[in-house]
Amino acid sequence: MDSSKEDHQELNSAVAGCINVDNFDGKDEPNSDTEKPESTPLERGESGETEMTSFTGNSIHRSSSRPQLDLSGAAIQGNFEERDPTILLPNQSDDISHLALDIGGSLIKLIYFSRHENKPVNDRRKMTIKERLAVSNVNRRSYPILGGRLHFVKFETSKIYDCLDFIYSKQLHRGGMDSRYWQAQGSDTENTIIKATGGGAHKYADLFNERLGISIEKEDEMDCLVAGANFLLKAIRHEAFTHMEGHKAFVQIDSNDMFPYLLVNIGSGVSMIKVDGDGVFQRVSGTNVGGGTYWGLGKLLTKCKCFDELLELSQRGDNRTIDMLVGDIYGGMDYSKIGLSASTIASSFGKTISENKELEDYRPEDISLSLLRMISYNIGQISYLNALRFGLKRIFFGGFFIRGHAYTMDTISFAVHFWSKGEAQAMFLRHEGFLGALGAFMSYEKHGLDDLKAHHLVERFPMGAPYIGGNVHGPPLGDLNEKISWMEKFVQKGTEITAPVPMAPPGTTGLGGFEVPSSKGDTLRPDASKLNVGVLHLVPSLEVFPLLADPKLYEPNTIDISEHGELEYWFTVLSEHMPDLVDKAVASEGGTDDAKRRGDAFARAFFAHLARLMEEPAAYGKLGLANLLELREECLREFHFIDVYRSIKQRENEASLAVLPDLLAELDGMNEEARLLTLIEGVLAANIFDWGSRACVDLYHKGTIIEIYRMSRNKMQRPWRVDDFDVFKERMFGSDKKKSHPYKRALLFVDNSGADIILGMLPLAREFLRRGTEVVLVANTLPALNDVTAMELPDIIAEAAKHCDILRRAAEAGGLLVDAMITLQDSPKERSSSVPLMAVENGCGSPCIDFRQVTLELAAAAKDADLIILEGMGRSLHTNFYARFKCDALKLAMVKNQRLAAKLIKGNLYDCVCRFEPAG
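Bear in mind that the values here come from a model prediction, so they are computed numbers and not experimental data.

Parameters at a glance
Residues numbered from 1 in each chain as written. Predicted model: local features only at pLDDT ≥ 70, side-chain atom pairs only at ≥ 80, totals over all residues. Heavy atoms only, no water. Helix = DSSP H or I, 4+ residues; strand = E, 2+ residues; numbered from the N terminus. Buried < 20%, exposed > 50% of the residue type's maximum accessible area, 1.4 Å probe, protein only. Contact = heavy atoms within 4.5 Å. Pairing = 2+ DSSP bridges. Axes fitted to C-alpha atoms, helices over the stretch in contact; angles between N-to-C directions. Disulfide = S-S within 2.5 Å. Expected span 1.5 Å × (residues − 1). Phe/Tyr/Trp six-rings, centres within 6.5 Å; stacked < 30°, edge-to-face > 60°. Lys NZ or Arg CZ within 6 Å of the ring centre and 35° of its normal. Polar contact = N/O pair within 3.5 Å; in protein donor to acceptor, adjacent residues only side chain to side chain. Patch = residues over 30% accessible without salt bridge, like charges linked within 9 Å, V, L, I, M, F, W, Y side chains within 5 Å. Areas by Shrake-Rupley, 256 points an atom, 1.4 Å probe, with all protein chains shown as cover. Salt bridge = Lys/Arg side-chain N within 4 Å of Asp/Glu carboxyl O. Core = buried A, V, L, I, M, F, W, Y, C linked by side-chain atoms within 4.5 Å. Parallel < 35°, antiparallel > 145°, perpendicular 65-115°, else oblique. Left-handed = near helix turned anticlockwise from the far one by under 90°. pLDDT = per-residue confidence, 0-100.

1. A closer look at the overall build of the chain
Moving on, step 1. Broken down by element type, the chain carries 30 helices and 29 strands.
Moving on, step 2. Within the chain, the proportion of its 920 residues that are buried is 61%.
Moving on, step 3. Counting contacts in the chain only where the partners sit at least 6 residues apart, residues at least 24 apart contribute 76% of the total.

So, in C-alpha cells, the structure goes:
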C-alpha cells in the first residue's frame, strides 16, 4: 500500500468522534438565524465545474438488502505493518456499504467504515505454522466481517456543507479511498444509496442528492436507536457507566443477561423505550420536557447563543438563589419523616415568587443551573416510574442532551436513586449521541456487526482534532504535516490555550514534562466527565484466550490508575522516560529534521493525552497501566515511528548470539536438576534488559550487554522474593510420591530482544524440546520498546540453530526455517520425528498483554497447551499477575520499578519473581 495514501486516510479520518459542537440532538428546526446553512466552497462551486460533475459519476449502487457475497478465496491477510488483519474477499463484486447518518435538528452524526488495504503476503512460515495449528482461514460466519475502522464524527446541522465537504474529501460517496478490493463494477450512472435516520434525512435528502449524487434511504428512528444501543452494550466492554456525586464507575454488562431494559433517549424531547431483545421493543412513554425545553427557556431567560454556553453558565451557578428548598420551608430543618433533606428542591424557581425582583436581577448562571436541575430531575423521575411500571432494574440514558455533563448525570442519577430507594441505577453510554447513526449503519444487514463481540473491537484515541479549553474542536487534521504543525503551536501560543496541554518553559524543547492541571475546587467542571470517543478497530480475527480460568472475571491490569496518586506517579515515570524515548525515535529515522519535528510532535501529543487523563482519569473509558503504555506506543505509530529500537535490538541480538554457543555448552555439562535452576536463573537475569525501565536504562551506561548479564547472573541469590522454583521442579521431575510426565505443549510468552530472548528464553525452550514438549514462542505483532516481535523470531532462531541441533530440528519441524539458509544434515525421518518449535503473534503492540484479545493462531495453539510461561514485567506483573489459567502457569520477571516492587510483592528493585500456579 502506498504509505502516503495510508497516512492521509488514517490521520484525516482520526476524528475519533471528538469534534465539539454547540447544540443538542433533537428534531426541532435550526434557529432562524441559522435557517439557511452557510455556503462553502462545495456549494459555491469553487472546486471547479469538473469536480462538481464528478460527484454523480462512477458512483456505487447500494442495495438495502444483504448482498450475495462471493466467499471463494476468502482469507485472513496481513503483513508486518498491519496490526489488524483483514478478511479479504478477492472475488467479491458487490459493495459493502460503509456510511450512515443521523441528521437531527441540531447535529449530524456520521458513522463510516474505512478498510485496511493489504498487500497479499505469501509467508510460507506462517502457512506452515497455521497448518500445524489447524487454523482455518475461512471465517466461521455465514458472511465475513471486513476488518477495518469504525469512525464517529459529528457536525452542526446548521453547517451541513461542512459535512458534505467531509464526505466528498474522503470520497465516502464513492466507496471511500480504500475500496479498490471491493468496489462495485456497476454502471457509472447508478446512484449511491446511503442509510440515514432523523428528521434531516427527509429535510436534506434533495441536498445530498444534488451535491453528492447520494440517495438517502430513510430508516425508522426508534429502530435505529434500539439497534445502536444493543450493539454497544453487547460489543463494547466498558460502554455503560454510572455517575453519582462526580464519581464515574464503569459497569460490565453481561450480553447474555442484558434484556429487558429501559432506554431513555433525551433529544429535544424524551422517548422512553422498553427493550426486550434484538428488534423487540416498544415506546412506552416520553415527555416533551427535554433538551429543547432547556435550550429554549435558557435562550429566552439568559440570552445565551448556544447550548454549550448555557451548560457552561450552569457550572458557575447557585440554584439556592432561585429554587425553594425544603429547608426554606422548614426553617433550615430536614423533613426526615419522609426522607427529605433541607437541601432538597421543594419547588424549582419557587423562591422567585416571594421576591420583588425582575429577570435582570437574577444571575444567568443561577437561572441556567436551576433550569438544568428542574428538567434533569423530571426526566430521572419519569424514567424511574416507567421502569417501576414494567419491573425494570436497568435504565440507560442516551442522547446529546447529556453531553457527558457531570451535573446533568448526577441530577438524573440522584432522581433515580431517590425515588427507587437505591434499588435502580441510572446508567449512561459513552457513545450516547451515536445510537441512531450506528443503528442506521447496522441496518444495511451486511456488515455482520450484530455478530461482533467485545474481543473483536479495539478502541484507539488518535490526536485527530485540536484541543482547546479542555475539549476537542474543529475539523479533523488533514495530514501528518498539518498535525505536526498544530502540535508546534503549543509552544508558540501556550498561554492562549486553556486546555491541560504540555507547556514548555522558555528556551526548552518542551520534551521534559507537562503542566499538571490545577484543582478547580469542589465545583464540577463542564468537561470533567466528558468522554472521548475513539476509532473502533474491527478485528474479526481476534479471540478470547481459551485457557483463561474464567474470562468473565479476568482483569488484565494489575495497577489501577483511576486513583489520582497512582496516576500521577506513573505519569511522572513516563515523563522522565520521554526524552530518552524521543532521542531513540529520532535516531531510528536517521536523525533528520523531519524526524526531529515528528519526535517533538509525538511528545506533545502523548503529553496532551496524559494531561487529559490527569484532568479526568476515565475520559477514555476504564484504563489501566497497560492501556497507558499502549497509548504511548500508538502515539509513536501515529507519528510514523514504526520501530524505535530497531537498531538497538539488532546490536543486542548480535552480541548475545555471539556468546550463545558457550552458554549452551555450559548447560549441556550439567545434570538436569542443576540445569533447570540455571535456566530459570538465566531467564530472570536476562530479563534485566528493558529499555522501558529508567533503572535499567542507567545500567546501559555502565557496561556492555554481556557484562551486565554476567553481573545479573552472579546476583541470583535464592530465595527470590517470590520463589516457587521447587514446586515447579517437582512438577518437571516428579517426586517420591508423584511420577513426572512431560508437558505436551508449552506457550512461552517472550519479552525483550537481545539477551532476554537469546540467553534466557531460547535455552529454556530448548530444554522443553529436549524433554519432548512442543514449544510455541509467543511474541508481539507490532514493535514496542525493545520487545522482540514475532516477525523477528525466525531470523533469531535461524542464527541460534546454526549452533544447536536440537533447535535446528525443532525449528525445521515447526516451519520456522522454511526461508532460512540452514544446511539440514539430518535425514527426513529424524527431522519429522522432532517435536516442533513454532512462533506465533499475540496480536499486541504493547509491553503488556490482554488475554481477552489474542490472535486466532495463538488461540489455536492454546487448545493443546498444558503450560504457559509469562516472562517479563509487562506480561506477568503489570498485567496478569493475578490471572488464573486452566493449565499450569509459570510467571517469571525481574522487578525494575521500586513502586511496583513495594505494592505488588512488598520487595525492592531488582527482586525476582518465580511464581508457579498449577492448573485451575
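That covers the picture; the talk isn't over yet.
2. Here we look at the sheet that holds strand β7 (residues 214-218)
Moving on, step 1. Reading across from one edge, β7-β6-β3-β4-β5-β20-β17 is the order of the 7 strands in this open sheet, with mixed pairing throughout. Edge positions in the sheet fall to β7 and β17 (457-460), since each of these pairs with one other strand and no more. Geometrically, the sheet is characterised by an average inter-axis angle of 25° between neighbouring strands, direction not taken into account.
Moving on, step 2. Judged from the 5 bridges that link them, strand β6 (residues 192-197) and β7 form a sheet pairing that is parallel. Residue Ile193 lies in a different strand from β7, and its bridge partner there is Ser215.
Moving on, step 3. Against the sheet, helix α14 (residues 435-442) touches β3 (99-103), β4 (107-115), β5 (148-156) and β6, its axis set at about 145° to β3.

3. Considering the state of the cysteines
Among covalent bonds in proteins, the disulfide is the one between the sulfur atoms of two cysteines.
Moving on, step 1. If you walk through the whole model with that rule in mind, you get 0 disulfides.
Moving on, step 2. Its sulfur unpaired, Cys304 is 7.3 Å from the next cysteine sulfur, which belongs to Cys306.

4. What about the pairing of strand β27 (residues 867-871)?
Moving on, step 1. Burial analysis of β27 places 5 of its 5 residues in the buried class, the great majority of the element.
Moving on, step 2. Of the two faces of β27, both are covered, the one formed by Leu867, Ile869 and Glu871 as well as the one formed by Ile868 and Leu870.
Moving on, step 3. Both strand β23 (residues 745-749) and β27 contribute to a ladder of 4 bridges, which runs parallel. Within β27, the residue paired with Leu747 across the bridge is Ile868.
Moving on, step 4. Note: β27 against strand β28 (residues 888-894), 5 bridges, orientation parallel.

5. Side note on the pairing of strand β24 (residues 774-779)
Moving on, step 1. The buried count for β24 comes to 6 of 6 residues, which makes it a mostly enclosed element.
Moving on, step 2. The side-chain alternation of β24 yields two buried faces, one formed by Glu774, Val776 and Val778 and the other by Val775, Leu777 and Ala779.
Moving on, step 3. Note that β23 and β24 share 5 bridges and pair parallel. Following the sheet pairing, Leu748 is matched in β24 by Leu777.

6. Structural notes on helix α12 (residues 364-390)
Moving on, step 1. A rise of 1.5 Å per residue sets the reference length of α12, with its 27 residues, at 39 Å; its end C-alpha atoms lie 39 Å apart and thus fit the reference within 8%.
Moving on, step 2. Count one or two residues on from α12 and you reach Gly391, which has phi positive near 70°.

7. Some details on unusual backbone geometry
Moving on, step 1. For the bond running from Phe259 to Pro260, omega is -5°, close enough to zero to count as cis.
Moving on, step 2. With respect to the element layout, Pro260 can be found in the loop between β9 (247-251) and β10 (261-266).
Moving on, step 3. With an omega dihedral of 0°, the bond running from Arg718 to Pro719 counts as a cis peptide bond.
Moving on, step 4. One can find Pro719 in the loop between α22 (705-714) and β22 (722-723).
Moving on, step 5. Residue Lys421 is not a glycine yet carries a positive backbone phi of 55°.
Moving on, step 6. Positive phi, close to 75°, is recorded for Asn880, a residue that is not glycine.
Moving on, step 7. You can see Asn880 is positioned in the loop between α29 (873-878) and β28.

8. Things to note about the packing of aromatic side chains
Moving on, step 1. Applying the stated criterion to the full structure yields 28 aromatic pairs.
Moving on, step 2. Note on Phe461 and Tyr620: the rings are 4.4 Å apart at their centroids and 10° apart in plane angle, and the pair reads as stacked. Placement of the pair is Phe461 in the loop between β17 and β18 (467-468) and Tyr620 in the loop between α17 (593-615) and α18 (625-638), with a sequence separation of 159 residues. There is no split in this pair, since Phe461 and Tyr620 are both buried.
Moving on, step 3. In this structure, Arg731 is placed above the aromatic ring of Tyr743, and the distance from its NZ or CZ to the ring centre is 3.8 Å.
Moving on, step 4. Arg899 extends its terminal NZ or CZ atom over the ring of Tyr569, reaching a point 4.4 Å from the ring centre.

9. So, the sheet that holds β27
Hydrogen bonds between backbone groups are what pair the strands of a sheet, and the pairing can be parallel or antiparallel.
Moving on, step 1. As summarised here, the arrangement of the 7 strands in space is β22-β29-β28-β27-β23-β24-β25, forming an open sheet in which the pairing is mixed. Pairing within the sheet leaves two strands with one partner each, and these edge strands are β22 and β25 (837-841).
Moving on, step 2. Where β24 and β25 come together, 5 bridges link them in parallel fashion. Across the sheet, residue Val776 finds its bridge partner in β25, namely Met838.
Moving on, step 3. Along the sheet, helix α24 (residues 755-770) makes contact with β23, β24, β25 and β27, crossing β27 at roughly 170°.

10. A few points about the side chain of Asn319
Moving on, step 1. With respect to the element layout, Asn319 can be found in the loop between α10 (307-315) and β13 (324-325).
Moving on, step 2. Within the local environment of Asn319, its side chain forms a polar contact with the side chain of Arg373, the two groups lying 2.8 Å apart.

11. Details of a nonpolar patch on the surface
Moving on, step 1. A contiguous nonpolar patch, built from Ile329, Tyr330 and Met333 and spanning about 320 Å² of accessible area, is present on the exposed surface.
Moving on, step 2. With respect to the element layout, Ile329 can be found in helix α11 (residues 326-329).

12. Some details on the pattern of salt bridges
Moving on, step 1. Tallied over the entire structure, the rule returns 48 salt bridges.
Moving on, step 2. Two residues, Arg632 and Glu633, come together in a salt bridge whose shortest N-O distance is 3.7 Å.
Moving on, step 3. The exposure class assigned to Arg632 is buried, which follows from its relative accessible area of 3%.
Moving on, step 4. For Asp643, the salt bridge goes to Lys649, with nearest N and O atoms at 3.2 Å. Of the two residues examined, Asp643 and Lys649, each falls in the buried class.
Moving on, step 5. A network of salt bridges, in which partner residues are shared, links Asp668, Arg675, Arg766, Glu767 and Arg770.

13. Structural notes on the nonpolar core
Moving on, step 1. Counting 94 residues, the largest nonpolar core has Phe545, Ile680, Leu747, Phe749, Leu777, Leu837 and Phe851 as the members making the most contacts within it.
Moving on, step 2. With 10 residues, α24 is the largest single contributor of residues to this core.
Moving on, step 3. Residues within four places of Phe749 in sequence aside, it is in contact with Phe545, Met761, Val778, Ile849, Phe851, Leu858, Ile868, Ile869, Leu870, Glu871 and Arg875.
Moving on, step 4. One finds Leu110, Leu225, Leu435 and Phe441 within the second-largest nonpolar core, a separate group that totals 67 residues.

14. Here's the deal with the packing of helix α16 (residues 564-588) against α18
Moving on, step 1. Interaxial distance between α16 and α18 falls to 12 Å at its minimum, and their mutual angle equals 25°. Considering their axes alone, α16 and α18 lie roughly parallel with respect to each other. Classified by chirality, the crossing of α18 by α16 is right-handed. Contacts between α16 and α18 pair Trp570, Phe571, Leu574, His577, Leu581 and Ala585 from the former with Leu625, Leu628, Leu629, Arg632 and Leu636 from the latter.

15. Section: the confidence of the model for the chain
Moving on, step 1. On average, residues of the chain carry a pLDDT of 79, and 75% of them reach 70 or more.
Moving on, step 2. Here residues 494-528 is a poorly scored stretch, pLDDT under 50, and it has 73 contacts once near neighbours within four places are set aside; other chains count.

16. Looking at the environment of Ala746
Moving on, step 1. Mapped onto the elements, Ala746 comes out in strand β23.
Moving on, step 2. When the C-alpha atoms of Ala746 and Ile869 are compared, they prove to be 7.5 Å apart, with 123 residues separating the residues in sequence.
Moving on, step 3. In this structure, Ala746 is in contact with Thr773, Glu774, Val775, Val776 and Leu867, ignoring residues within four places of it in sequence.

17. Structural notes on the environment of Gly624
Moving on, step 1. One can find Gly624 in the loop between α17 and α18.
Moving on, step 2. You can call Gly624 buried: its relative accessible area is 2%.
Moving on, step 3. Spatially, the C-alpha atom of Gly624 lies 7.6 Å from that of Ser562, the residues being 62 residues apart in sequence.

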